[in-house]
Amino acid sequence: MSKDNKKMVDAITSMEEDFAKWYTDIVKKAELIEYTSVKGCMVIRPYGYAIWENIQRILDGMFKETGHENVCMPMFIPESLLQKEKDHVEGFAPEVAWVTYGGNEKLEDRLCVRPTSETLFCEHYANIVHSYRDLPKLYNQWVSVVRWEKTTRPFLRSREFLWQEGHTIHATAEEAVEETEKMLGIYAKFCEESLAMPVVKGRKTDSDKFAGAEATYAIEALMHDGKALQAGTSHYFGDGFAKAFDIMYTDKENKKVYPHQTSWGVTTRLIGAIIMTHGDNNGLVLPPAVAPVQAVIIPVQQFKEGVLDKARELEERLKAHGIRVKLDDSDNSPGWKFAEYEMKGVPLRIELGPKDIEQDQCVMVTRHNREKSFVSLAELEKAVDEKLKAVHDGLYRAALENREKRTYSCLTMDEITDVLEKKGDGFIKAMWCGDEACEDKVKEVTGVGSRCIPFEQEQLSDKCVCCGKPAKAMVYWGKAY
RNA sequence: CGGGGCGUAACUCAGUUUGGUAGAGUGCUUGCUUUGGGAGCAAGAUGCCGCAGGUUCAAGUCCUGUCGCCCCGACCA
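No experiment lies behind these values; they were computed from the predicted model shown.

Undergrad: Break down the sheet that holds strand E15 (residues 295-299) for me, with residues and values.
TA: A sheet is described by the order of its strands in space; here 5 strands give the open sequence E16-E15-E17-E18-E19, paired in mixed fashion. Edge positions in the sheet fall to strand E16 (325-327) and strand E19 (372-376), since each has one partner strand and no second. Recorded for the sheet is a direction-independent mean angle of 25 degrees between the axes of neighbouring strands. Where strand E18 (residues 361-366) meets E19, 5 bridges bridge the pair, whose relative direction is antiparallel. Residue pairing across strands places Met364 opposite Ser373, the latter belonging to E19. Packing against the sheet, helix H9 (residues 307-320) makes contact with E15, E16, strand E17 (348-352) and E18, and its axis sits at approximately 170 degrees to E15. Those strands touched by helix H12 (residues 380-405) are E15, E17, E18 and E19, and its axis lies near 10 degrees from that of E18.

Here you go:
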């Protein structure tokens, strides 16, 4: 390990020592969350919430650009409504929280706290969709949902979590399929362009489908420890929900027909993905697009005449340039501040002391590689733009490299076991016959489950890795969060 | 839901074996000196020892119960 990369912050457990502890250390020390007295329910603190706000702002813009409108559904679903689609209720019933009393009165029809809102949207669509002229409806909502998880982890699996859920309804199957794919594409684009996180786009196997869906698509990312994380999903429902909820419209030929639906979502889990994709042993590393603070200015010998004034001048210039900038003029030592903002993952640090002012320059250090450079103050704005872009590109490249380094092609079960043992966790590419029994067996024998059937297929062989019968598709396998 | 760990100051933890005045480091407050990688000295403030019962002259410590959290597995965004 080079001098430039050595661990400067002792407060964080190193990821090689204990990845899980490293993760929780970061989440706490970077002040993203605080635990509460209810298991699995966390306080998202200002710094953590600001990341979510940036994610929201960018994604919401992308949704609006593609014609979606925001709505807000109630948080309660009567049990009778949840029951209407058989697969859906079977999938979610084990993890819903129930409201059984209203004040002192026991409720006749108990209410579940929404674990997802398909049923609510369906009830509503049944009321407002009557003619082909009413279609499509492209709705989205930003809300929290509750799923009573047994084991919980901040951002990755909490009992209440924030998300957006898009719910659309279309005249034709083709249109709905197109929507499903389009939204998956938007998620992938967002992950790559805003989170600097490469993802694999693909379809889930039938056993992994959303409860009630005809097809589920997902983007899968590989974390630093070689485990896979589902970063977003998009579902095609066909007309299954429409039939269950009796949603019909009159088409151009004056015939009553069923519409076709989709739903898609990403959650605050994305914050967990950012941590585990880019973070290092000095703390969080944030992609510039969603960093609450993109550049921090740290004055050195700030008590000396003119230093703070100059620092404020830089702050104003960068603000005017549209940079989210913070000047830390607290009386902590510069060294303390360096460590603090590294822990918090601020992409760019700008140091300014008497020596710099004398030479009309400042020092810039990029968080991901700690590269230091001297920049003439005349070029401040231009340099910041370049550095932030360099951080984004550097993060993306490193994440992609990690994924490629940890992606292995295997032709037999023994090869899978062998690779996992010798190289550690990662993505395993292997052929599959399409039989669920084989999928289960791979998981049982090797420990890796199917992540997705990627859109970008490769013909590794013509035989299933498990049974040897003709293969239908190449599948990405991995251990998952 | 199974396995493991833990609840004592804001944080990390010692003290529980063998009952006897509630502790340390960090942080916090104030002052002075410092400032280019978590500064130094001095003075201060901070505790229903998770909760409820019990045993005892006496419980952080022993007994019974209970609540909660963290980690690892199976399931899930």
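Undergrad: Outline H9, listing residues and values.
TA: Structural remark: α-helix, 3.6 residues per turn; residues separated by three or four positions point the same way. Helix length check: H9, at 14 residues, gives a terminal C-alpha distance of 20 Å against a target of 20 Å (1.5 Å per residue), a fit within 8%. Within the span of H9, buried status applies to Ala311, Leu314 and Leu318. Projected onto a plane normal to the axis of H9, the buried residues spread over an arc of 60 degrees and lie on a single side. Seen from the open side of H9, the exposed residues pointing more than 90 degrees away from its buried face are Asp309, Glu316 and Ala320. The secondary structure elements touched by the buried residues of H9 are E15, E16, E17, E18 and H12. Note on H9: the residue one or two positions beyond its end, Gly322, has a positive phi of about 90 degrees.

Undergrad: Go over helix H2 (residues 46-65), please, and point to the residues and values.
TA: Helix length check: H2, at 20 residues, gives a terminal C-alpha distance of 28 Å against a target of 28 Å (1.5 Å per residue), a fit within 8%. The set of residues buried in H2 consists of Gly48, Ile51, Trp52, Ile55, Leu59 and Phe63. In a view along the axis of H2, the buried residues occupy a sector of 105 degrees, so they form one face of it. Relative to its buried face, H2 has exposed residues pointing more than 90 degrees away, namely Pro46, Arg57, Gly61, Lys64 and Glu65.

Undergrad: Can you tell me about the sheet that holds strand E6 (residues 105-113), naming the residues and giving the values?
TA: Overall, antiparallel pairing links the 3 strands, which are arranged E4-E6-E5 in an open sheet. Taken across any chain shown, the strands that pair with only one partner, and hence form the sheet edges, are strand E4 (76-78) and strand E5 (97-102). Taking each pair of neighbouring strands and ignoring which way they run, the sheet shows an average axis angle of 45 degrees. In terms of strand pairing, E4 meets E6 through 3 bridges, oriented antiparallel. Within the sheet, the bridge partner assigned to Phe76 lies in E6 and is Val113.

Undergrad: Describe the protein's contact with RNA strand B, listing the residues and the values that go with them.
TA: Near RNA strand B you find 48 residues, and of these Ala20, Lys39, Gly335, Glu351 and Gly353 are the closest. Of all elements in the fold, only helix H1 (19-29), strand E11 (228-238), helix H10 (334-343), helix H11 (354-358) and E18 reach the threshold of two or more residues within the surface near RNA strand B. If one sorts the elements of the surface near RNA strand B by residue count, H10 sits on top with 8 residues. For the surface near RNA strand B, the class distribution of residues is 20 nonpolar, 13 polar and 15 charged.

Undergrad: Could you give me a rundown of the packing of helix H13 (residues 413-423) against helix H14 (residues 436-446), with the residues and numbers involved?
TA: Contact geometry of H13 with H14 gives a least axis separation of 10 Å together with a crossing angle of 40 degrees. In terms of axis orientation, H13 runs oblique to H14. The crossing of H13 and H14 is right-handed. Where H13 approaches H14, its residues Met413, Ile416, Thr417 and Leu420 are matched on the opposing element by Val442, Val445 and Thr446. The class makeup of the residues in the contact of H13 with H14 is 5 nonpolar, 2 polar and no charged.

Undergrad: Kindly report on the pairing of strand E9 (residues 200-203), identifying the contributing residues and their values.
TA: Every second residue of E9 is oriented toward a common face, with Val200 and Gly202 on one face and Lys201 and Arg203 on the other, all of them buried. In terms of strand pairing, E9 meets strand E10 (residues 215-222) through 4 bridges, oriented antiparallel. Across the sheet, Val200 pairs through a bridge with Glu220, a residue of E10. Bridge analysis of E9 against strand E22 (residues 449-454) gives 2 bridges, and the strand direction is antiparallel. Residue pairing in the sheet places Arg203 in a bridge with Ile453 of E22.

Undergrad: Describe the pairing of E15, naming the residues involved and giving the relevant values.
TA: Counting buried residues in E15 gives 5 out of 5 residues, a clear majority hidden from the surface. The alternating pattern of E15 places Ala295, Ile297 and Pro299 and Val296 and Ile298 on opposite faces, both of which are buried. Summarising the sheet, E15 and E16 pair through 3 bridges and their orientation is parallel. The partner of Ala295 across the bridge, within E16, is Val325. Once you follow E15 into H9 and on to E16, the crossover reads as right-handed.

Conventions we followed
- Residues numbered from 1 in each chain as written.
- Chains lettered and ligands numbered in written order.
- Predicted model: local features only at pLDDT ≥ 70, side-chain atom pairs only at ≥ 80, totals over all residues.
- Pairing = 2+ DSSP bridges.
- Helix = DSSP H or I, 4+ residues; strand = E, 2+ residues; numbered from the N terminus.
- Axes fitted to C-alpha atoms, helices over the stretch in contact; angles between N-to-C directions.
- Contact = placed C-beta atoms within 7 Å.
- Expected span 1.5 Å × (residues − 1).
- Buried ≥ 20, exposed ≤ 12 C-beta atoms within 10 Å, placed from the backbone.
- Arc of directions from axis to C-beta.
- Near = placed C-beta within 6 Å.
- Nonpolar A, V, L, I, M, F, W, Y, C, P; charged D, E, K, R; others polar.
- Parallel < 35°, antiparallel > 145°, perpendicular 65-115°, else oblique.
- Left-handed = near helix turned anticlockwise from the far one by under 90°.
- Right-handed = clockwise from strand over helix to strand, strands pointing away.

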